[in-house]
Amino acid sequence: MVAIAVAAGITTPLTFPLFPGFRRSSRSSQLRMSQKAGHGVITGKFELRPPPYPLDALEPHMSRSTFEYHWGKHHRAYVDNLNKQIAGTELTGKTLEDVIVATYNSGNLLPPFNNAAQVWNHDFFWESMKPGGGGKPSGEILDLINRDFGSFEEFAKEFKTAAATQFGSGWAWLVYKDKDKKLAVVQSPNAVNPLVLDQVPLLTVDVWEVINQKFSVVHSLRR
Amino acid sequence: MSLSSCGSSSICSLSSGILVANDPSSKLSKRRFTPSISQPGWKQRRDSSDNNRGVSKVFGYYGLKSPPYKLDALEPYMSQRTLEVHWGLHHRGYVEALNKQLEKNDSLYGCTMDELIKVLYNNGNPFPEFNDAAQVWNHDFFWESMQPGGGDMPTLGLLQQIEKDFGSFTNFKEKFTEAALTLFGSGWVWLVLKREAKCLAIIKTSNSINPLVWNDIPITSLDMWEHAYYLDYRNDKAKYVNTFMNHLVSWNAAAVRMVRAQAFVNLGEPKIPVA
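Residues numbered from 1 in each chain as written. Chains lettered and ligands numbered in written order. Predicted model: local features only at pLDDT ≥ 70, side-chain atom pairs only at ≥ 80, totals over all residues. Heavy atoms only, no water.

**Some thoughts on the pattern of salt bridges**
And then number 1: Inspection of every chain in the model, using the stated rule, returns ten salt bridges over all chains.
And then number 2: With its nearest N and O atoms 3.9 Å apart, the salt bridge here joins E153 of chain A to K136 of chain A. Taken as a pair, E153 of chain A in helix 6 (residues 152-165) and K136 of chain A in the loop between helix 4 (112-127) and helix 5 (139-149) lie far apart in primary sequence, 17 residues in all.
And then number 3: Judged by relative accessible area, which is 48%, E153 of chain A ranks as partly exposed.
And then number 4: Put simply, K194 of chain B and D216 of chain B hold a salt bridge, and the shortest N to O gap is 3.5 Å. (Salt bridge = Lys/Arg side-chain N within 4 Å of Asp/Glu carboxyl O. Helix = DSSP H or I, 4+ residues; strand = E, 2+ residues; numbered from the N terminus. Buried < 20%, exposed > 50% of the residue type's maximum accessible area, 1.4 Å probe, protein only.)

Pasting the structure below:
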């Protein structure tokens, strides 16, 4: 049982071709620039962004205690560790997306990648859900889903399968593939996300085991 | 797909639950096996051509091996609940998935678990069955790598070898812990005896990979998948790893494996008698 909702973050209607500015750099991280008086040193630090709803807003599908751990401990740890790793390097001052792409290094991952990508992934994940979510999309997204998957039910099936079959830790995504100009469902391991594959993420679900432990214990083992 | 014969497996271990006859001359194929019938417990496969009289087919399956202790024996370091979920649901799930997959592909029958894993790994291009087979093996190995009243230190030869290859036991413990804490995503940490280099080493692997695929000999292991520690330790991985080292790891099991490993890897200088 996965709580899926239409991405709350997308407010503009999808018009094609998607403008490059879609990767809004200010959206996903609060880059705080501070200037030490008299030294002219600018340091950028990423901050832990709260989900766009209170921690108990998704009960009973996702509990407050899950949020307290998943967001309050895991997500926070990724942010703190990322800041530690990039302090004093040329990655400070970059946007989160730029850090991710730079440290992805065409597949030859540099150490900050895992933390940076996981910060972004979780920001995106919280925004992919909302209280009273689920159901079906409407408007342009529904048209596109129907066009590229056949029907919403087909898409939902494919999405759930992708989530359930990701071995080990990872994510399942609904993306827009600019190359093929169509929507697709993809899965990614560990911290990898579609930004590094030049795809535009629209929706995601976290299938690291930590998020599923609750499901597996409370509901059944089926992811 | 063509597979090499399983018969001459150098690491011989009982796969969970069934005895497998190692017939050196038999090649794996879709045809039936004809091992010596005197092998106890061997479940023989028959072609449908034998079954005109309505006798049902017999298949060999892997079974779920129980840990060598009761499910609450590792309390309070690893709770009964964890064992129930980790062994009873996850490990069982892997066994059942593997059996389902093997049903469709009978050319894989007859392998010991070790050989099955190597064959399915396919030199880095694994077949779909690999994950389940490897995870079954990994978990069998993991349960046996722990014991109630575990922890403490190894003794005798194993301790000597650890001190030789790591400097000191403390250093080994540190390196092992570091490997466990720096593993990203799901995976395992292993103490292995490397065949070529003839020394102990610590390696970490992702998802279901294990050292058998590189022909190294595992001595002990730690499961770093989140399902192994999350119920008891949540996100406090360091506490989990330390608890494992101090209270759970079975150096007895490790010593036995070390002794067995030395049948295949010569660790010492050859003692040439002087006349």
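What follows picks up the thread again.
**Quick notes on the UniProt feature "domain: Manganese/iron superoxide dismutase N-terminal" (unreviewed entry) in chain A**
And then number 1: Taken from the UniProt record, the annotation "domain: Manganese/iron superoxide dismutase N-terminal" (unreviewed entry) applies to residues 45-130 of chain A.
And then number 2: Across residues 45-130 of chain A, the secondary structure splits into 56% helix and 1% strand, with the terminal C-alpha atoms separated by 27 Å. (UniProt positions renumbered as here; feature names shortened; annotations may be inferred.)

**Description of the interface of chain B and chain A**
By convention, interface size is frequently given as the accessible area that disappears when the constituent parts associate.
And then number 1: The partner chain A presents 17 residues to the 19 residues of chain B that form the contact.
And then number 2: Of the roughly 1800 Å² buried between chain B and chain A on both sides combined, carbon and sulfur atoms contribute 62%.
And then number 3: Among the residues chain B hides against chain A, the three largest losses belong to F184, E226 and Y230 of chain B. Together they make up 38% of the total.
And then number 4: Counting across the interface, chain B meets chain A through zero salt bridges.
And then number 5: Applying the counting criterion to the chain B and chain A interface returns two residue pairs in polar contact (both at pLDDT 80 or more).
And then number 6: When residues of the side of chain B that touches chain A are traced back to their parent elements, those giving at least two are helix 1 (80-104), helix 3 (129-144) and helix 6 (226-233) of chain B.
And then number 7: Here the element with the most residues in the side of chain B that touches chain A is helix 1 of chain B; it accounts for five residues. (Contact = heavy atoms within 4.5 Å. Buried area = accessible area lost by both parts, 1.4 Å probe. Polar contact = N/O pair within 3.5 Å; in protein donor to acceptor, adjacent residues only side chain to side chain.)

**A few points about the side chain of N83 of chain A**
And then number 1: Mapped onto the secondary structure, N83 of chain A falls in helix 2 (residues 64-86).
And then number 2: Ignoring sequence-local partners within four residues, the contact set of N83 of chain A consists of K45 and F46 of chain A.

**Re the environment of A254 of chain B**
Residues and elements named next belong to chain B.
And then number 1: Examined against the element boundaries, A254 turns out to sit in helix 8 (residues 251-261).
And then number 2: Owing to a relative accessible area of 0%, A254 belongs among the buried residues under this scheme.
And then number 3: Spatially, the C-alpha atoms of A254 and W143 are 12 Å apart, while their sequence positions differ by 111 residues.
And then number 4: Ignoring anything within four residues of it in the chain, the contact list for A254 reads L158 and I219.

**Let's talk about the UniProt feature "binding site: Mn(2+)" (unreviewed entry) in chain A**
Residues and elements named next belong to chain A.
And then number 1: Summarizing the sequence annotation, UniProt attributes the feature "binding site: Mn(2+)" (unreviewed entry) to H70, H122 and D206 in the numbering used throughout. A maximum C-alpha distance of 10.5 Å places the annotated residues, which cover 137 residues in sequence, within one compact spot.
And then number 2: Tracing the backbone shows H122 in helix 4.
And then number 3: In contact with H122, not counting residues within four places along its chain, are H70, H75, Y78, W171 and D206.
And then number 4: Reaching out from H122, the side chain makes a polar contact with the side chain of H70 at a distance of 2.9 Å.
And then number 5: With respect to the element layout, D206 can be found in strand 5 (residues 199-206).
And then number 6: A polar contact is formed between the side chain of D206 and the side chain of H122, at a distance of 3.3 Å.

**Here we look at the nonpolar core**
If you look at soluble globular proteins, the nonpolar side chains tend to sit buried side by side.
Residues and elements named next belong to chain B.
And then number 1: Grouped together as the largest cluster of nonpolar side chains are 72 residues, with contacts concentrated most on F172, Y240 and W251.
And then number 2: Per-element tally for this core: the top contributor is helix 3, with eight residues.
And then number 3: Setting aside residues no more than four positions away along its own chain, Y240 makes contact with M78, F142, L222, D223, M224, A228, Y229 and Y233. (Core = buried A, V, L, I, M, F, W, Y, C linked by side-chain atoms within 4.5 Å.)

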